[in-house]
Amino acid sequence: MPILKSLVEYKEEGAVPFHMPGHKRGDVYKKVDFNFICNDLLALDTTEVPGIDNLHCPEGAVSEAQRLAAGAFGADYSFFLINGTTSGIYSMIMASANPGNKIIIPRNCHRSVYGAVILGRLVPVYIEPETDNELGIAMGVEPGTVESALDEHRDAKAVVITYPTYYGACSDLKKIAEIVHSRGMLLLVDEAHGSHFAFNKRLPMSALEAGADMTSQSIHKTLPSMTQSSILHVKSERVDIERLKVFLQLIQTTSPSHILLASLDAARAIMQEKGRELLDDIIDWSNWARNEINKIPGLYCLGPDRIGKYGISDLDPTRITVNLGASGISGTKAEAILRKDFNIQMEMSDLYNIVAITSVGDSRDNYERLVRALKSIGNSGTGKAKAPTSRAFLKSTELSIMPWEAVYCEKEQIKTEESIGRICGEMIIPYPPGIPSLMPGEVITQEVYEYLRLCVEQGIKISGASDNKLEKVWVIKTGH
Ligand SMILES: Cc1ncc(COP(=O)(O)O)c(C=O)c1O
């Protein structure tokens, strides 16, 4: 039983979990003295027998829980999701645009947005985020960038914005909402990392507050619910709810786990009753940790000094993004040391940065352990700054055929150096900055080839590609 074994082993290691899910191994339930299903998991795992509601046509407990969630998060309607925010993103995008319609998306959006573009057979129009070249991270999208794209593509149906980004950066969503709505389009938000915003005024405003028509939130990432459980919220008269329900039913399993649904309801209840004070604590501890980390030579913790630059209008104070560029230690190496020597597991790392997801499940002790460990790691650095990548990301290349067409075309795998001029058959995403350099259907140019080689040479992880060393690449067979 290799899966169970790996879970038990990781649990027994007892690492400080600076990663999702936000209940932090159930620690939050201990904090609020609530015994959430812990002892009775299997006895509660059941299907839609009489007395148990149906997610796909809710009339009882699920309907009531969704109504309570809508009230707590400030939505007109809330739909519980058991296939993650990915299923919310698929549904909200496909409910907003017909095949062949244009949709405006940031080039650094999550792969689920690209997935919706492929499944919905949509025409993507890319907008470029601002990039912080010093940290090597793609940050927010400027409202002016959205405005120019909308002026050029007046026939687009909707705009998608990631708010906040994985690193905690928030674009000026309120201004973007005004621009989008003035053109009669829909604003769809990927708020996978921002479900907690609704529960404390010291956090950035929630997407719904800023004017989003729909927003998909991974409650499991930053609030205390179980992995895979998310919510899609709607606050708009512009959204066709019946059409949205069709896609939710198409995309999600017909056997939803009621334990996941119950965990969403529990997260809502905890946040409604105790959320503000629990969040006050972790905001204070995060701010303390940020100050302490900034005293460590060679380390920098992303903070309010960057607001107003790189498309950042606000930052999530609970997200701890540490840049190690000036210490001479790579983010990937720091993440490995933290796990091996200090029993601390981060959410992710890239060449220069490590990222911790902190949530209401964390204790003050967790933050103190992280700061102590980073002091020790900082002191062991060479102090020789790493040369940042010469370009943080590349502009989109020419879309030769639509991404969905490329998925169905016959492909062949060839040497990357021989692929220039060919049409790419896969997604190639250097991390950092996490922006696809190539999407299926895009022409591989000399420029993108050289950029990708540089990324590989500098040790940047290539995500999405079948060969992560990029010696080979899948391209569309000629004749298509
Ligand atoms: C920015 C962003 N959007 C969407 C998703 C998808 O969320 P889920 O894993 O809940 O499907 C993720 C997951 O990591 C993400 O980081």
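Asks: Help me understand the sheet that holds strand E3 (residues 102-106) in this model?
Replies: Backbone hydrogen bonds are what pair the strands of a sheet, in a parallel or an antiparallel way. The sheet built from seven strands is open, its strands ordered E2-E11-E10-E9-E7-E3-E4 with mixed pairing. Edge positions in the sheet fall to strand E2 (77-81) and strand E4 (123-127), since each of these pairs with one other strand and no more. Shown here is a sheet whose adjacent strand axes are inclined to one another by a mean of 20°, direction ignored. Bridge analysis of strand E7 (residues 158-162) against strand E9 (residues 186-190) gives five bridges, and the strand direction is parallel.

Asks: I tried to follow the site of the ligand on my own but got confused; where do I start?
Replies: Around the ligand, the structure places 15 residues, and the nearest of them are Thr 86, Asp 190, His 193, Ser 218 and His 220. Here an oxygen atom of the ligand sits 2.8 Å away from a polar atom, N or O, in the side chain of Ser 218. At 3.0 Å, a side-chain N or O of Lys 221 approaches an oxygen atom of the ligand. Bound to the protein, the ligand loses 85% of the 390 Å² it would expose on its own. With respect to the pocket detection grid, the ligand is positioned in the second largest pocket. Those elements that provide at least two residues to the shell around the ligand are helix H5 (84-94) and helix H10 (219-222). Examining the composition of the shell around the ligand, we find that four residues originate from one element, H5, more than from any other.

Asks: Would you mind showing me how to read the layout of surface pockets here?
Replies: If a probe as big as a water molecule is rolled over the atoms, it shows which places are left empty. Of the pockets and cavities examined, the largest pocket occupies roughly 1,000 Å³. His 23, Arg 25, Gly 26, Leu 41 and Met 226 are, among the 28 residues lining the largest pocket, the residues nearest its centre. Every element with two or more residues in the lining of the largest pocket is listed here: helix H1 (2-13), helix H2 (27-31), helix H3 (41-44) and helix H12 (258-294). If you tally residues by element for the lining of the largest pocket, the top one is H1, at five residues. A class-by-class count of the residues in the lining of the largest pocket yields 17 nonpolar, six polar and five charged. In this structure, the second largest pocket spans a volume of roughly 450 Å³. If you go around the second largest pocket, you meet 29 residues; those closest to its centre are Asn 108, Cys 109, His 110, Tyr 166 and Tyr 431. At the level of secondary structure, the elements contributing two or more residues to the lining of the second largest pocket comprise H5, helix H6 (111-119), H10 and strand E19 (429-431). Here the residues of the lining of the second largest pocket sort into 14 nonpolar, 12 polar and three charged.

Asks: Got a minute to help me understand the domain arrangement of the protein in this structure?
Replies: Interface size, as often reported, equals the accessible area lost upon joining of the parts. Under the domain assignment, the protein is made up of domain 1 (41-267), domain 2 (275-379) and domain 3 (403-476). Just the C-alpha atoms count here: the centres of domain 1 and domain 3 sit 28 Å apart. Each partner contributes residues to the interface: domain 1 has 13 residues there, and domain 3 has 16 residues. It is Arg 107, Ile 118 and Arg 121 in domain 1 that bury the most area against domain 3; as a group they hold 44% of the surface buried on that side. Summed over the shared surface of domain 1 and domain 3, the number is one salt bridge. The salt bridge involving Arg 107 is made with Glu 442; its shortest N-O contact spans 2.9 Å.

Asks: What is the right way to look at the packing of aromatic side chains in this model?
Replies: Between two aromatic rings, the relevant description is the distance of the centres plus the angle of the planes. Per the counting criterion, the structure on display carries 10 aromatic pairs. Centroid distance Tyr 77 to Phe 79: 6.5 Å. Interplanar angle 20°. Geometry classified as stacked. A network of ring pairs unites the aromatic residues Phe 18, Trp 285 and Tyr 367 as a single cluster. Lying over the aromatic face of Tyr 126, Arg 107 brings its terminal NZ or CZ to 4.4 Å of the ring centre. The ring of Trp 404 carries the charged tip of Arg 121 above its face, separated from the ring centre by 4.0 Å.

Asks: Help me understand the pattern of salt bridges in this model?
Replies: Pairing between side chains becomes possible if they bear opposite charge and their charged atoms approach one another. Evaluation of the coordinates by the stated rule reveals 27 salt bridges. With a closest N to O distance of 3.7 Å, Asp 280 and Arg 276 form a salt bridge. With Asp 280 and Arg 276 both in helix H12 and four residues apart, the pair spans about one turn of that helix. Note on Arg 276: relative accessible area 56%, which makes it exposed. Through salt bridges with shared partners, a single network forms among Asp 132, Glu 134, Asp 305 and Arg 306.

Asks: Would you take a moment to explain a nonpolar patch on the surface for this structure?
Replies: Taken together, the side chains of Met 1, Ile 3, Leu 4, Leu 7 and Val 8 present a nonpolar region at the surface, about 570 Å² in accessible area. We classify Met 1 as exposed; its relative accessible area is 79%.

Asks: Any chance you could explain the environment of Ser 195 here in plain terms?
Replies: Among the secondary structure elements, Ser 195 is positioned in the loop between E9 and helix H9 (207-210). For the pair Ser 195 and Thr 222, spaced 27 residues apart in the sequence, the C-alpha separation amounts to 6.4 Å. Sequence-distant contacts of Ser 195, that is, excluding residues within four places in its chain, are made with Phe 73, Gln 217, Ser 218, Ile 219, Thr 222 and Leu 223.

Rules used in this analysis
- Residues numbered from 1 in each chain as written.
- Predicted model: local features only at pLDDT ≥ 70, side-chain atom pairs only at ≥ 80, totals over all residues.
- Heavy atoms only, no water.
- Pairing = 2+ DSSP bridges.
- Helix = DSSP H or I, 4+ residues; strand = E, 2+ residues; numbered from the N terminus.
- Axes fitted to C-alpha atoms, helices over the stretch in contact; angles between N-to-C directions.
- Near = heavy atom within 4 Å.
- Polar contact = N/O pair within 3.5 Å; in protein donor to acceptor, adjacent residues only side chain to side chain.
- Areas by Shrake-Rupley, 256 points an atom, 1.4 Å probe, with all protein chains shown as cover.
- 1 Å grid on protein atoms, 1.4 Å probe; cavity = no way out; pocket = protein on both sides within 12 Å on 5 of 7 lines; lining within 4 Å.
- Sits in = over half its atoms within 2 Å of the grid points.
- Points joined across faces, edges and corners; volume = space filled by probe spheres on them.
- Nonpolar A, V, L, I, M, F, W, Y, C, P; charged D, E, K, R; others polar.
- Domains from an automatic or database assignment.
- Contact = heavy atoms within 4.5 Å.
- Buried area = accessible area lost by both parts, 1.4 Å probe.
- Salt bridge = Lys/Arg side-chain N within 4 Å of Asp/Glu carboxyl O.
- Phe/Tyr/Trp six-rings, centres within 6.5 Å; stacked < 30°, edge-to-face > 60°.
- Lys NZ or Arg CZ within 6 Å of the ring centre and 35° of its normal.
- Buried < 20%, exposed > 50% of the residue type's maximum accessible area, 1.4 Å probe, protein only.
- Patch = residues over 30% accessible without salt bridge, like charges linked within 9 Å, V, L, I, M, F, W, Y side chains within 5 Å.

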